[in-house]
Structures are given as structure tokens and as C-alpha cells.
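# Secondary and tertiary structure notes
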Protein chains: 4
Amino acid sequence: MRTDAADTYSYLGPAGTFTEAALRQVPEAAGKTWRSVNNVGEALDDVVTGRSIAAMIAIENSVEGGVSATQDALATIPGLRIVGEYLVRVNFVLVARKGTTLEQVKVVNAHPVAYGQCLEWLDKHLPAHGHLPAASNVTAAASLLTSEVADAALAPPNITEHYDLDVLATGVENNPNAVTRFVLVSKTRELPARTGADKTSVIAELPDDTAGRLLEMLEQFATRGINLSLIQSRPIGDALGRYRFVLDLDGHVHDERVADALLGLKRFSPNVVFLGSYPRADKQRVEVVTQYDNDAFVEARDWLRGLLSGEPASPAGE
Amino acid sequence: MRTDAADTYSYLGPAGTFTEAALRQVPEAAGKTWRSVNNVGEALDDVVTGRSIAAMIAIENSVEGGVSATQDALATIPGLRIVGEYLVRVNFVLVARKGTTLEQVKVVNAHPVAYGQCLEWLDKHLPAHGHLPAASNVTAAASLLTSEVADAALAPPNITEHYDLDVLATGVENNPNAVTRFVLVSKTRELPARTGADKTSVIAELPDDTAGRLLEMLEQFATRGINLSLIQSRPIGDALGRYRFVLDLDGHVHDERVADALLGLKRFSPNVVFLGSYPRADKQRVEVVTQYDNDAFVEARDWLRGLLSGEPASPAGE
Amino acid sequence: MRTDAADTYSYLGPAGTFTEAALRQVPEAAGKTWRSVNNVGEALDDVVTGRSIAAMIAIENSVEGGVSATQDALATIPGLRIVGEYLVRVNFVLVARKGTTLEQVKVVNAHPVAYGQCLEWLDKHLPAHGHLPAASNVTAAASLLTSEVADAALAPPNITEHYDLDVLATGVENNPNAVTRFVLVSKTRELPARTGADKTSVIAELPDDTAGRLLEMLEQFATRGINLSLIQSRPIGDALGRYRFVLDLDGHVHDERVADALLGLKRFSPNVVFLGSYPRADKQRVEVVTQYDNDAFVEARDWLRGLLSGEPASPAGE
Amino acid sequence: MRTDAADTYSYLGPAGTFTEAALRQVPEAAGKTWRSVNNVGEALDDVVTGRSIAAMIAIENSVEGGVSATQDALATIPGLRIVGEYLVRVNFVLVARKGTTLEQVKVVNAHPVAYGQCLEWLDKHLPAHGHLPAASNVTAAASLLTSEVADAALAPPNITEHYDLDVLATGVENNPNAVTRFVLVSKTRELPARTGADKTSVIAELPDDTAGRLLEMLEQFATRGINLSLIQSRPIGDALGRYRFVLDLDGHVHDERVADALLGLKRFSPNVVFLGSYPRADKQRVEVVTQYDNDAFVEARDWLRGLLSGEPASPAGE
């Protein structure tokens, strides 16, 4: 069967990863081809070259890579757009081959980052265990069925849907509230519709490293009543001390105040990358004071148009 | 002879005042009817009622009244527009009836404010003099010819063009560099053309008296690279502690950055009065960093339009 | 009788002026020598030379001169301190010689500014009147008893305490709520005690006229949670376009946040004049958010001292 | 031999890692016990429990973990201090058992992050290779000597000092300029001496998530002329959308402006963690405009002390 790019979604695989759990939240992806890749670079390359219509990648607080790699890739690869945001709770289970007991576990197979996130539990319940590193959370579990080097593996909770393994313990992670934020990235130029609970992502450089430049950039948002839910400095990479900023704004570019702030940002910054406007995963509506709602923008424009038109004066201050 | 309102200019008279000197700088007023009035209120009333096409009034650092009265009138009388700005050097001469010598001067006729501005010279050269107050700088001199109560008068330098008097001393003012700023006010809705050396005047109220509100208002200008040449708080008058701000911005409302800042100001402030854009009296060109020139605004709009249009992507950051 | 400077207060006289009404509000001045002078310059000169212990002068919205003259004098004469603030309601009465009726009034004697402030009433009730200018509101009334050129005079309401005149009309002013703000100025270095309802006055220059400099100056106050009740730009006078700012801050220099803001202002501005901290005339207590109260300053200092002292660590964030 | 905690430094090992390369830059660590640990958590735990005097950990742009984990650990573990900063260039070599040629390489052993950073070279020169994941950059190389599963390994350039291997290729990383920033963390309360080329690290929470709060926080630095070389938002972890900020300030807490800014930050933020002042790795001197140098702070304090002392006045503006 020939797969069409328009029907393909790339994700950090294989089946069973947290990234796959994020992709399951995308209604449009249901019933389509899901292409498992090995890292963020491959996933975005699929999108750029047209092998896939979209890629799901981790962007914040990930256990599967992502974050810095994702932010830097989005900053430098032209033409990408974020079209959706998804949250996945990052819990782990300890799994083993059928019939294994916890007492029998000597070696634990685990992705290094996952291993660090479960170390408290392991140190307490398996103080004498050894660690065999794996390339991903899923291969750690999968390899239990093909090799006997390890006795158990750390894996996402849904791993047993994919592999015939026993769960020895659940909730073995240090922080049960850990969440990874994923974004769905595509080359589409079509913007997701405004829902009232939206986010807009941009990446911008400062004009120079004079003290106060960052402040000036943020004033572009403050003067339009826009809250930032994420601000992260990332080295540009050409020289030490040069930074770009990854910014998440509350609101959609179809909100007047967001569009106006982007205009201000574009004038201020020598390099702005618009990454898209999309519905927030937490569906929390953006609260705007009346002063900065769409009506205020329309009203101000009408007022200015009146001033410039040479029409008869309206009463002062109205 | 019937005078047409369209041919009449009001000014604080009579002929010979500094205000008249300002009106002489207006080419369009040459050969028209000049209507002498007694104060700023009368002058603006002429404009509002249509008795005159425009009025010349002092707005900063005046010896003939104006300033506060002018600012408050402009803030509250609807439909007025500043269409020109003029500077007049405020120097004084001491004049007397033909044949009078300085030694003979016992009583000096002078407008109270002018008197204060020349007191240093008078105290030094006429330590025993008395002061007879006058209603204006010109009536002080004029009355020398109709009454002998005073022996000399303080007057503008050009007074001898109007009255047959001897000049006993020139440069008698405390500060030889004193300048009064005048504005020509009209009801026209037509904006003076942009010259590149322009000023825009507005009056705005703060939304409330929370600390930092003024700062927020000024950020509207800073984020567009606009310098303020005047900022003055004036009590609104309805309650103590409530202020409006008289602001002069470098630039013309036909400059993109000024128009954009006015939109921002309008959204921020519950009450904005636009007083006009007009050529600066000092003809000093407004220097704008590239970041905030018209091209930057056009470019930013094009960029945003591209983002929203669904057109194929251009390279990142362009 | 020899008057001691320590017992003398200068004010814009003569007895009966609004300035005198302000001086009456000063308990310490009761029973002392009140020296009547002719203008703000003379009043401050009395203080500088030691002729008087203090001078009462108008600083905002005056009908007797003051304001700009006062602000400029305070900016340039070294060693002056504001020690008190007083408000006087600016109402006028029309007075005449005993037995005169309103119908008999042909010529009105009045200080030019007072005349302008009562013109609405005069135009309505005495449409055919003439105006004789006076040097002050009081001399206008006083001269009725020595000359018959004028039939009536505009004067402060308490004028009849000083002169034997009939009141023909009260409340003849255009705006019955007009208030003039006066300050008592002295050379003392002792600060009035903090009351919790205080004001601090300073005058500061901007380092240069770069866009955003004013904003930077105001940030010094915003970052300490300080509200400004007055901000006024005044030309420095050495060159057009160079301004100094007269600022009134809510709070006393003995409030930690005010002292800290003055330090910040001093570092920022090439020229700061501290005019004093003194009780507000309106006795309105200054509300400060907890974040910026004295405790917050003490706590922060303790915290920093702990950091620098090499003492054992306290828990993170405490 | 008994090792004393005061003589022990913890680092992400084993010998040969980039972290070890960072530790080699610390003169005080020469000749002391170096304790190899497996992750940031273990390294900091050594410091907290007193097993080590200090730990070297990656804080920015790491290939060995660190960054987020490091920042979150520093924010939540009380009593830690950064005492030094070190930069290590992140280059890789491809190593193999003696006598192996590039053509013979079928399987490459590599830490997953290192693998991603060298994928461009591998895809080009070894298009058919397989990837065997390793727990660290060093174990990848070390395992070549104990197992024949892999034919080559990615490793830091100095790996051949520790293991008897052949270098098949150098500079195989995607980005030859990649640098990882490391910090040396200890429990000492003694501050490294001010060098003039220093950095101060703090972590602070915003008081609430009102728009403009971040701006207000940054104004604390701008009003003291302080540049930020790093600003990074990190989720606090108690609820989605709550962030703390990791900030690197140019300057030492013994610089007046930095101490003053920390006071301002402490008052503003409900939770500030001071992580220390220490010499910059790049030894770049911090340039301060005169306005904000130490003298300006001393001068301002002297000025304020003079104002409050009741001493005779100095000339205005001095």
C-alpha cells in the first residue's frame, strides 16, 4: 500500500511513547499513517521534505528529548508552523517479562532521562540494581522480549497495549505531576481557527545586547495588555552571549491586540519567526481587560480615521 | 466694511503685543483682518463661534497670560485644532514721552507680569520708581500719550512702530533668552502637510491614579520610538488629584509611528483630545531610528499580512 | 519696633490676598510679623537673604502669579525647602464704596488674571462695564477708597475685614471649585515630621533628550511603588527643547521607598533638587501595597545582609 | 585511604566526560579526589549531604543532561551556591578498537544525545550504520574494549587519554562551535572575590500572573543599568502556567548596583533564591556606564545623607 504524505504523521516512536500518546489526542490523525522516527530532527525533516503532513514533537519538560532541540529547530528551519498543543502526563511503570517478581530484578533497562526521573523509587525499592541504557522508553521495554540482559524496564503506562509484559509497579516516577508539552508542527499556511483559548508562539532576537533591550521587547506586549506564558532565552549559536527568545503569548493572531503586538515586535526585532496561533491544550480562556479587547482596537481605529478624514468634529474626547 | 470670518484672525491685542508679533509670522494672515481681543478665552470663543478663522494664543512661558488657561481651554472646548507654532523672543524696552530722560522717570506703567520680568533692571537703574499696573504691554505704553500719571512704560521692542515714543533703554528684561511659544488655533479639519519637522499635540487622561499608570501611558510612545518634547500635568478640575496630561510628540500623525502611538494612547486612555499635527517653529527635523521609520511599519504590515494570508512561506525571519 | 527675621513671614500682599489666606492656615505664623511683598521673586529673596524665616507662595493654578515663576525659582535658587502645603479656594466678590448699587457700576477695577476668571459673570450682569487693571486683587479694592475712577472691584471674599466696602455680589468667579495650591518655603534643613499623609517635591533634569529617557526616570518611581501626584516639564532656559521636571511624590523621604527612589533618581539624573517632604494639604493618607512598605525594605536588607555575611544558609527563598 | 569530604569533587563521570573536562579547569580541584556520579541529582546530593565539597554540573546546552534538571534542582534545594563557571567546547571523535577501519564500522555505540548531535556526519559517511545506545559518552567508548556488539563509538576528543582506542574521525559533530556551560556548586557561604568580570545568578518567582509582571521585574534591573545574560522561565511545577525565572546578571553582588537590584527584586518577588556571584568563564569585563558605577551609588547616598542630616545646604543640584 502506498502511503500519501498528506496522510502521514511523524512522531518519536516506536508505538507506546509519550509522543505517541500526544498524537492520539489529535482527531485528524486517527486512521492515518503514523511514521515512527528517532528524534526531533528527523520528525521535522519529514515535514520539511513533505514525507509527512505533520510531526508531533516535545517542546517543554520532556523525557524523550525535545525542548532545546525543538526550540532551536523551530528557530532555524523556515516555513514551519505549530498547529496544535497537547499535554501528556509523564508517569512510568516498571515492567518485566511475564512471571518475573520485583525481587528478581537485578538490571533495569531504561532511557537515561527516564532513569533519572525514577531514580528515587529505584534507589528505595531496588537499591542494588544495575542500569542498562536504552534509546527510548519503548525500546527499553521491547528489548525485554528479545534479550535477557535486563530483567525489567521503565516504560509509559500504556506499554502493555503493545507488549506482553507484566507491570511490577506503577507510579515509579519522582514527580507524579510531571507533564510534557507537545506541539504538532506542519508546513500548512492555514491558521487554526480562533477559539478564545489560544496561544501564539514566536521567536525573536534582540537588536543588540544593550541593557534594557529585553525590557523594550516586553513592553511591546505590556502596552497591548498581553500576558506571556513562556519566555525562554536560547543561545543563537553564532557567538557566546547572543540570545534569541522563545515566547508564548496568550491569544490568537486574529485577536487585534496580538496582531498589533506582532507588528510592534517585528519593527523592534531584527529577526522574528512566527510559529503559529493554536488552541491551548488546557482550554483556559484568555481573559482580556476591556481596554485591550477587539472593540477597543476597532474604536481607536475609527477615532483615528475620523481625525484624519477632515470630517466635522465630534465632541472633545469622544 | 463687512469683514468675513474667513478673513479674520483673533489675537491678544492691541497692535504691538508679542502675540501680534507671532501673528506677523503667519504668511496666510498677511493682508487679512486682525481682531484684537483681551484674553485667551475671547480668542478661542471667536474661533468656536465662527467670528474668526483662527486665533493666535500663547501656550508656553508667556508674559501675556496663556499657558494654563490655554491648555485648559484646549482640553475642554471641542473641535479646536492647532495648525501652526510660532516662537517670539520676549525682550522689553523702556519707553517714555518724547524728550523724557531716564532721570525724570518716577512712575513706570507696566503689565504686572512684564513688570516682574524686568524688576532686576528697574531696581538697579530706577531704585525709587513706583509701579502703575496696566492691562497689557501695549496699553502701558499707549497710556503715556493720554495720561501723565506715569512717566515711562515697559513695552515690546516694536512698540515705536505704533506709538510716537522715545526708547530710554533696551534689553531691560531679566532673561534676554526668554521665548514665548504661540500656537495658531482653528476649527479646520484639514491637517497641515507633513514637513518632516513636525509636532503633534494631544491631551490625555489616565484611566485611574494607580502607581505606574503614567509610565504605562509613556510606554505607548517609547515602544514606537517617539520622543516627547512637552509633558505637563494639569488638574482636570472635577476633583483634587485628578490630572490630564498635555503632550507634544515629535512627528506628524501622517508618520506611521505617530498614528500607531495615537491608536495605543486612545485604547489606554479614557479620554484623548487630538489637538493637531503642525510644523515645528524651530524647523528642527525629527530624527527617527530606522527601526521606527515609515518603511519599518510598512514592512511589518506586509510581513503580518503574509503570515495571515496562507501564502507560501518566505524564509524564516524575513 | 525691630522685627527679627526669625519672626517674619513674607507673602504676596497686601493683607486680604489669597496668599494671606494661605498664611493664616499656618499655626506657627500666628502672632508673628507678616511681610507683604509684590511677587514670588521678592518673597523668595527675603528667605534667601534671611529677611524672613519663610515665604508663602502660589505653586499651582494661581490667580496671583506664581506657578511657572515659582517652579523656576525653586529650581534655580539653592538652599530652599518646602515645609508645608496649603489650599485656598479661589472665590471672588464684587465690592464697591458704601451705598453703591450694581446698576451704578460703570468701571471695574481688577487684577488682569482675576478679571479673566470672573468675565462670564461680568459680561452677563454688567455687559457695558469698563476694566481698570490693578496690581493685585487687594489694591483693586483698596483704590476704591482713594480714587473714583472705578466704581467697583473684584476681591477675595474676606476683603471686607480689611476695607470698609459693600459687597455687591458673591461667587462671581467662572469656576466655583477653583483652588490654588500654596507652599511655605524656608531655608531650614529640618524636615517636617512624617505624618503618613505626606508629599515629597523634587526637580530633576533628564541626562539627554533620547526617546525613552523620561520613561526611564519614571521607572525609578514605579519600581518602588510610588505614585506621582504632579509631573510638569519646564524649559531649563539654556536652550529650546531642554526640560527639567517638577515632580511631587506620594510619601515622605523618611519612608524607605521614597528615600530609595531618590537614590535612584540621583544616580539617573545629572541634576536633582530636593525641595522637601511635608504634610499634604488634603491630609489624604498615602496607601502603599505591602510589597513596598517599610517592612519590605527592612526585610530585603536583612536578607541581603544574610547572603553577604557568610552565615549558615536559611531555607531556599526565605 | 580515607577520603575527606573537603577534598572531594563530584562530577558526571566517568573520567573522560565533558564534565570532567570542566572540572580540570578548576585549579583548587587539582590533586583532590574526584567522585564520578551518574546524574545531576546525585552530584548535588553529594554536596548537600557533605559527601563532597563541590559538584560540577552542566547548566546550559549540555550533551550530558543538566540544564532543566540543574535549574530545577538549584531552585528547590536550599543552601547551594554557584562558585564558578566553566565552558567546554563540545566536539566529538569517532573511536574504534585498534586496527579498525571506517569501512568496517557497522554499529556505533553512543549516548542518545551525542548520537543526535553527530547524525549529519554519520548519515553521510556511514549511511548504513546501526545505533547502540550508551549511558554516557565515555561508557560508549569504554564498552568497545569489553564487547564486540559495536564497532565504533562517539566520544569526547580526550578519550584516548583514558582508553587505548584508534581515532577514526575528528570533528564529527553537527555544530563545531557548540559549547556547554558548567557551574561548580558548593554549600560554602563565602563569596568568590569580585574580579570585574563577574556574573550573579538568581531564581525568582513573579508575585502573580498579571500581564506586565515580568516587565516590572525586569525594570528592577534596567533602573540600575544591569544587563541580563540569561533569562529562562521554568515551570514551578505546582500548577501549569506558574513559572519561576532563572536570571544571570552581569556583575557581582559586591557591585553596588547589583546589591541594590537584588534588594529591589527581593521586595518585588515572593520568592528569590540567590545562587551566587562568581567570575565569568569568558573573563569578559562588565562595562557599566558611569551613571551606574559604584561611585554613583556612594555619591547618591552621600547626597541623601546630607539632605536628611540638617546640614547647611550645598548649591542646588550638587
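Residues numbered from 1 in each chain as written. Chains lettered and ligands numbered in written order. Predicted model: local features only at pLDDT ≥ 70, side-chain atom pairs only at ≥ 80, totals over all residues.

## Some details on the overall build of chain A
Regarding its fold elements, chain A presents 9 helices and 14 strands. Split into buried and exposed, the 318 residues of chain A put 54% on the buried side. Long-range pairs, those at least 24 residues apart, make up 74% of the contacts in chain A with a sequence separation of at least 6. (Helix = DSSP H or I, 4+ residues; strand = E, 2+ residues; numbered from the N terminus. Buried ≥ 20, exposed ≤ 12 C-beta atoms within 10 Å, placed from the backbone. Contact = placed C-beta atoms within 7 Å.)

## Some remarks on the relation of the copies chain A and chain B
Each copy superposes on the other: chain A lies on chain B with an RMSD of 0.1 Å after a rotation of 179 degrees and an axial shift of 0.0 Å. Read as a symmetry element, the transformation amounts to a two-fold axis. Distance from the rotation axis, computed per C-alpha, reaches its smallest value in chain A at Glu-219 of chain A: 3.5 Å. With an isologous cut-off of 70% or more, the 100% of interface residues of chain A that recur at the interface of chain B puts this contact in the isologous class. (Least-squares fit on C-alpha atoms with pLDDT ≥ 70 in both.)

## Thoughts on the pairing of strand β10 (residues 179-186) of chain A
Residue and element names in this part refer to chain A. Counting buried residues in β10 gives 6 out of 8 residues, a clear majority hidden from the surface. With 6 bridges connecting them, strand β3 (residues 54-60) and β10 associate as antiparallel partners. Counterpart to Met-56 in the pairing with β10 is Leu-184. Here 8 bridges tie strand β4 (residues 81-89) to β10, and the two strands are oriented antiparallel to one another. (Pairing = 2+ DSSP bridges.)

## Things to note about the packing of helix α7 (residues 213-222) of chain C against helix α8 (residues 256-268) of chain C
Residues and elements named next belong to chain C. The contact between α7 and α8 brings their axes to 8 Å, and the two run at 160 degrees. Considering their axes alone, α7 and α8 lie roughly antiparallel with respect to each other. Here α7 runs over α8; the crossing is right-handed. Touching Glu-216, Met-217, Gln-220 and Phe-221 of α7 are Ala-261, Gly-264, Leu-265 and Phe-268, all from α8. Partitioning the contact of α7 with α8 into residue classes produces 5 nonpolar, 2 polar and 1 charged. (Axes fitted to C-alpha atoms, helices over the stretch in contact; angles between N-to-C directions. Parallel < 35°, antiparallel > 145°, perpendicular 65-115°, else oblique. Left-handed = near helix turned anticlockwise from the far one by under 90°. Nonpolar A, V, L, I, M, F, W, Y, C, P; charged D, E, K, R; others polar.)

## Some words on the interface of chain A and chain B
It is common to give the size of an interface as the accessible area lost on bringing the parts into contact. With 38 residues of chain A in contact, the opposing surface of chain B contributes 39 residues. Of all the secondary-structure elements, those providing two or more residues to the side of chain A that touches chain B are α7 (213-222), α8 (256-268), β14 (272-279) and α9 (294-309) of chain A. Take the side of chain A that touches chain B: its biggest share by element is 8 residues, from α9 of chain A. Residue composition of the side of chain A that touches chain B, grouped by class: 22 nonpolar, 9 polar and 7 charged.

## Considerations on the environment of Pro-156 of chain A
Residue and element names in this part refer to chain A. Topologically, Pro-156 is positioned in the loop between β8 (152-155) and β9 (166-170). Note: C-alpha distance between Pro-156 and Val-90 (66 residues apart in sequence) is 7.6 Å. Non-local contacts of Pro-156, meaning those with residues more than four positions away in its chain, are made with Gly-16, Thr-17, Phe-18, Ala-21, Phe-92 and Asn-137.

## A word on the environment of His-162 of chain A
In this structure, His-162 of chain A sits in the loop between β8 and β9. Those residues in contact with His-162 of chain A, other than ones at most four positions away along the chain, are Ala-15 and Gly-16 of chain A.

## Topic: the sheet that holds strand β4 (residues 81-89) of chain B
Residue and element names in this part refer to chain B. The strand order across the open sheet built from 5 strands is β2-β1-β3-β10-β4, with neighbouring strands paired in mixed fashion. At either margin of the open sheet sits one strand with a lone partner, and together these are β2 (33-37) and β4. Each strand axis lies, on average, 30 degrees off the axis of its neighbour in the sheet, ignoring direction. Its contacts with the sheet place helix α2 (residues 40-49) against β1 (8-12), β2, β3 (54-60) and β10 (179-186), and it is angled at close to 145 degrees to β3.

## Focus: the sheet that holds strand β6 (residues 107-110) of chain D
All names here are of chain D. An order of β7-β6-β8-β5-β9 is seen for the 5 strands of this open sheet, with the pairing classed as mixed. Of all strands in the sheet, those with a lone pairing partner are β7 (130-133) and β9 (166-170), marking the two edges. Across the sheet, the mean angle from the axis of one strand to that of its neighbour is 30 degrees, orientation sign disregarded. Of the pairings in the sheet, the one linking β6 to strand β8 (residues 152-155) comprises 2 bridges and is parallel in character. When the sheet's bridge partners are listed, Val-108 is paired in β8 with Ala-152.

## So, helix α3 (residues 68-76) of chain D
At 3.6 residues per turn, the α-helix brings residues three or four places apart onto the same side. Counting buried positions along α3 of chain D gives 7 out of 9 residues, so the element sits mostly inside the fold. By the burial criterion, the buried members of α3 of chain D are Ser-68, Ala-69, Thr-70, Gln-71, Asp-72, Leu-74 and Ala-75 of chain D.

## Focus on the pairing of strand β6 (residues 107-110) of chain B
Inspection of the sheet shows β6 of chain B paired to strand β7 (residues 130-133) of chain B by 4 bridges, in the parallel sense. Looking at the pairing, Val-107 of chain B lines up with Gly-130 of chain B of β7 of chain B.

## Considering the domain arrangement of chain A
Residues and elements named next belong to chain A. Partitioning chain A into domains gives domain 1 (1-89 + 179-190), domain 2 (93-170) and domain 3 (191-318). Counting residues at the interface gives 13 residues for domain 1, matched by 16 residues for domain 3. For the side of domain 1 that touches domain 3, the secondary-structure elements that each account for two or more residues are α3 (68-76) and β4. Considering each element in turn, the side of domain 1 that touches domain 3 owes the most residues, 7 residues, to β4. When the residues that make up the side of domain 1 that touches domain 3 are grouped by side-chain class, the tally is 6 nonpolar, 3 polar and 4 charged. (Domains from an automatic or database assignment.)

## A word on the packing of helix α9 (residues 294-309) of chain C against helix α8 (residues 256-268) of chain D
Closest axis-to-axis distance for the α9 of chain C/α8 of chain D pair is 9 Å, and the angle between their directions is 125 degrees. By the angle between their directions, the pair α9 of chain C and α8 of chain D is classed as oblique. Crossing of α9 of chain C over α8 of chain D shows right-handed handedness. Here α9 of chain C contributes Ala-296, Phe-297, Ala-300, Arg-301, Trp-303 and Leu-304 of chain C to the contact with α8 of chain D, which in turn contributes Ala-259, Leu-262, Leu-263, Lys-266 and Arg-267 of chain D.

## Let's talk about the arrangement of the chains
No part of chain A reaches chain C; the closest C-alpha pair between them is 10 Å apart. The two partners chain B and chain D share no contact, and the minimum distance between any of their C-alpha atoms is 10 Å.

## Quick word on the confidence of the model for chain A
All names here are of chain A. Taken residue by residue, chain A gives an average pLDDT of 87. The fraction at 70 or more is 92%. Taken as a whole, residues 312-318 scores under 50 in pLDDT and shows 13 contacts with residues more than four places along the chain or in a different chain. For this predicted complex, the interface confidence reaches an ipTM of 0.82, while the overall pTM sits at 0.83. (pLDDT = per-residue confidence, 0-100.)

## Brief notes about unusual backbone geometry
Across the junction of Gly-13 of chain B and Pro-14 of chain B, the peptide omega takes the value 0 degrees, indicating a cis bond. Within the fold, Pro-14 of chain B resides in the loop between β1 and α1 (18-23). At Lys-283 of chain C, a position not held by glycine, the phi torsion is positive, near 55 degrees. Here Lys-283 of chain C is to be found in the loop between β14 (272-279) and α9.

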